[in-house]
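In case you want the letters, here they are:
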Amino acid sequence: MKAVVIEPLKENTLHIENVEIPEIKDDEVLVKVIRVGVCGTDKEINEGLYGEAPQGSKFLILGHESFGKIEKIGADVKDFKVGDMVVATVRRGDDCINCVAGESDMCLTGNYKERGIKGLNGYMSEYYVEKPENLVHIPDNIKEEAVLLEPFTIAEKTVIQVFKIQQRMVWEPKTAIVFGTGPVGLLTSILLKLKGLNVYAVDRTEHIDDAKAEIFKRIGINHINSKQENVIDKFKGMQIDIIAEATGNPIVFNECLQLFGVNSVIALLSVTGGNFKTDIDVAKLNYDMVLNNKLIVGVVNANKSYFISGIKDMQEIRDKYGDILEKFITRRVKVSDFNNSDLQKANFELKTVVEFE
Ligand code: BGC
């Protein structure tokens with residue numbers, strides 16, 4: 001079968017390899033891949049920045065945003081049947097207390113593995129094998145957008161965790177700012193809007209493509225271009241309850257710190273690149289956070305519970321806004337044509353997907 005592979009920690013090694021179709025054990029299922037989403041993590045792995053092949057292997061099969069159909073089930077598998085549509089989770093935990101409790105996204109040791117990223121092959125191959133506990137059923141009405149479920153779970157975890165933490169007080173959030181209009185930022189904006197907030201999505205792109213423009217319009221998200229408008233001036237004096245940072249840009253994080261209000265939360269969803277140094281006044285930050293009960297929270301990965309609740313929210317988005325999530329897919333590439341330059345181009349697309357059928 002065809003598989004999209006890279007050689008970890010080397011630059012631009014992405015290519016198609018022919019590999020054996022994996023065999024299933026009695027407690028496993030064989031999934032026929034329909035499509036896999038491409039994300040910034042894949043691009044960075046192919047740039048050699050991180051990534052780890054399975055033990056004893058030279059290559060890592062890429063891809064962690066999956067969507068497929070069950071082709072075969074092992075004799076002991078109960079909850080799935082042939083033909084079921086599924087998405088697989090990404091992280092496989094170790095034996096720390098969090099992983100054992102089903103919270104591998106909160107792994108205490110860092111000794112987890114991640115499919116398509118760290119020590120385990122990903123889903124960009126015609127078939128993959130998985131245990132049922134790492135799969136979720138996809139209902140028919142969201143099958144076209146289900147490939148977005150994995151990035152959607154990051155938004156889902158963010159919103160659920162922020163609301164959970166804020167149970168520390170009477171909290172009626174009204175206004176949110178989301179920095180970044182890539183898939184994770186935009187999905188977070190949509191979800192916050194679904195939860196009833198007034199949402200401002202901030203980016204600094206020169207040109208807003210049609211897909212994004214339609215998403216802003218149909219969902220009713222306020223779009224702000226920070227190159228044209230000064231965000232600090234724009235929000236001065238406004239009570240901002242939630243700020244989500246989905247750009248990974250340290251300058252933007254600095255702006256978040258200036259914008260967050262009394263009893264409010266900053267959620268950080270992206271890894272900050274580079275070594276930008278700033279002279280943040282730590283004493284002032286401490287003073288301000290204490291006196292105003294402010295909170296900064298980091299959010300990475302998502303365990304299965306967020307895939308399950310994410311499906312419900314995706315269905316609600318479907319009911320309320322129709323096919324809007326399908327608009328995220330702005331480029332489709334056949335697996336046999338997928339190469340290094342597609343990964344470069346993926347940066348300029350809202351979502352590129354690799355098609356296997
Ligand atoms: C994935 C997460 C993963 C993270 C770090 C992201 O692209 O969505 O599931 O934990 O990369 O490897």
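Keep in mind that what you see is a predicted model, and the values were worked out from it rather than measured.

So, how was this worked out
Residues numbered from 1 in each chain as written. Predicted model: local features only at pLDDT ≥ 70, side-chain atom pairs only at ≥ 80, totals over all residues. Heavy atoms only, no water. Helix = DSSP H or I, 4+ residues; strand = E, 2+ residues; numbered from the N terminus. Rg over C-alpha atoms; globule rule 2.2 N^0.38 Å. Buried < 20%, exposed > 50% of the residue type's maximum accessible area, 1.4 Å probe, protein only. Core = buried A, V, L, I, M, F, W, Y, C linked by side-chain atoms within 4.5 Å. Domains from an automatic or database assignment. Contact = heavy atoms within 4.5 Å. Pairing = 2+ DSSP bridges. Axes fitted to C-alpha atoms, helices over the stretch in contact; angles between N-to-C directions. Buried area = accessible area lost by both parts, 1.4 Å probe. Near = heavy atom within 4 Å. Polar contact = N/O pair within 3.5 Å; in protein donor to acceptor, adjacent residues only side chain to side chain. Areas by Shrake-Rupley, 256 points an atom, 1.4 Å probe, with all protein chains shown as cover. Nonpolar A, V, L, I, M, F, W, Y, C, P; charged D, E, K, R; others polar. Expected span 1.5 Å × (residues − 1). Salt bridge = Lys/Arg side-chain N within 4 Å of Asp/Glu carboxyl O.

### Remarks on the overall build of the chain
Point 1. A tally of helices and strands in the chain yields 10 helices and 19 strands.
Point 2. A compact globule built from 357 residues would reach a C-alpha radius of gyration of about 21 Å, and the chain, at 21 Å, matches this within 12%.
Point 3. Structurally, the chain occupies a C-alpha span of about 60 × 40 × 40 Å along its principal axes.
Point 4. Looking at the chain as a whole, 52% of its 357 residues qualify as buried.

### A few points about the nonpolar core
Point 1. Ranked by size, the top nonpolar core spans 54 residues in total, and within it I138, L325 and F328 carry the most contacts.
Point 2. In this structure, this core is formed jointly by two domains, domain 1 (2-145 + 329-355) and domain 2 (153-298), each of which donates at least three residues.
Point 3. Not counting the four nearest positions on each side in its chain, F328 is found in contact with L148, P183, L186, L187, I190, I215, L350 and K351.
Point 4. Ranked by size, the runner-up nonpolar core spans 33 residues in total, among them I6, A88, V335 and L343.

### Regarding the pairing of strand β10 (residues 127-130)
Point 1. Neither face of β10 is open: one carries Y127 and V129, the other Y128 and E130, and all of them are buried.
Point 2. One ladder, built from four bridges, connects strand β3 (residues 29-37) with β10; its direction is antiparallel. The residue of β10 that forms the bridge with L30 is V129.

### Things to note about the sheet that holds strand β16 (residues 265-268)
Point 1. Read across the open sheet, the six strands follow the order β14-β13-β12-β15-β16-β17; overall the sheet is parallel. Looking at which strands have only one partner, the edges of the open sheet turn out to be β14 (222-225) and β17 (295-298). Taking each pair of neighbouring strands and ignoring which way they run, the sheet shows an average axis angle of 20°.
Point 2. Sheet analysis places strand β15 (residues 242-245) next to β16, joined by four bridges and oriented parallel. Within β16, the residue paired with A244 across the bridge is A267.

### Comments concerning the domain arrangement of the chain
Point 1. Along its sequence, the chain is organised into domain 1 (2-145 + 329-355) and domain 2 (153-298).
Point 2. On a C-alpha basis, the centres of domain 1 and domain 2 stand 29 Å from each other.
Point 3. Domain 1 puts five residues into the contact, and the matching count from domain 2 is nine residues.
Point 4. Counting each side, the surface lost to burial between domain 1 and domain 2 is near 480 Å², with a carbon and sulfur contribution of 68%.

### Structural notes on the site of the ligand
Point 1. Surveying the vicinity of the ligand reveals the residues C39, T41, H64, R91, E114, I117, E150, I154 and N301.
Point 2. Within the contact set of the ligand, an oxygen atom lies 3.3 Å away from a side-chain nitrogen or oxygen of H64.
Point 3. E150 has a polar side-chain atom sitting 2.8 Å from an oxygen atom of the ligand.
Point 4. Protein chains shield 80% of the accessible area of the ligand, which is 310 Å² for the free molecule.
Point 5. A class-by-class count of the residues in the shell around the ligand yields three nonpolar, three polar and three charged.

### What to know about the sheet that holds strand β4 (residues 60-61)
Each strand in a sheet pairs with its neighbour through backbone hydrogen bonds, running either in the same direction (parallel) or in the opposite one (antiparallel).
Point 1. Pairing is antiparallel in the open sheet, where three strands are placed in the order β2-β1-β4. Edge positions in the sheet fall to β2 (15-18) and β4, since each of these pairs with one other strand and no more.
Point 2. The pairing of strand β1 (residues 2-6) with β2 spans four bridges and is classified as antiparallel. Bridge pairing in β2 links K2 to N18.

### A closer look at helix α4 (residues 183-194)
Point 1. Helix length check: α4, at 12 residues, gives a terminal C-alpha distance of 16 Å against a target of 16 Å (1.5 Å per residue), a fit within 8%.
Point 2. Counting buried positions over the 12 residues of α4 gives 10, a clear majority of the element.
Point 3. Those residues of α4 that sit buried are P183, G185, L186, L187, T188, S189, I190, L191, L192 and L194.
Point 4. Positive phi appears at G196, one or two residues downstream of α4, with a value of about 95°.

### Section: unusual backbone geometry
Point 1. We note that N12 has phi near 50°; this positive angle belongs to a residue other than glycine.
Point 2. Turning to its location among the elements, N12 is positioned in the loop between β1 and β2.
Point 3. The phi torsion at N301 lies on the positive side, around 55°, for a residue other than glycine.
Point 4. With respect to the helices and strands, N301 occurs in the loop between β17 and α9 (304-321).

### Points about helix α3 (residues 149-165)
Point 1. Helix length check: α3 (17 residues) gives 24 Å between terminal C-alpha atoms against 24 Å at 1.5 Å per residue, within 8%.
Point 2. Counted residue by residue, α3 has 13 buried out of 17 residues, so it is predominantly covered.

### Considering the environment of L291
Point 1. Within the fold, L291 resides in helix α8 (residues 282-291).
Point 2. Sequence-wise, L291 and R91 are 200 residues apart; in three dimensions their C-alpha atoms are separated by 38 Å.

### Regarding the pattern of salt bridges
Point 1. Taken as a whole and judged by the stated rule, the model has 25 salt bridges.
Point 2. The partner of K351 in a salt bridge is E65, and the shortest N-O contact between them spans 2.9 Å. Of this pair, K351 sits in strand β19 (residues 351-355) while E65 is found in strand β5 (residues 65-73), placing the two residues 286 residues apart along the sequence. Grouping residues by exposure puts K351 and E65 together as buried.
Point 3. The closest approach of N and O atoms between D342 and R331, which form a salt bridge, is 2.9 Å. Of this pair, D342 sits in helix α10 (residues 340-346) while R331 sits in strand β18 (residues 329-334), and the two are 11 residues apart along the sequence.
Point 4. You can call D342 buried: its relative accessible area is 4%.
Point 5. Connected via shared salt-bridge partners are K25, D27, E28 and K131.

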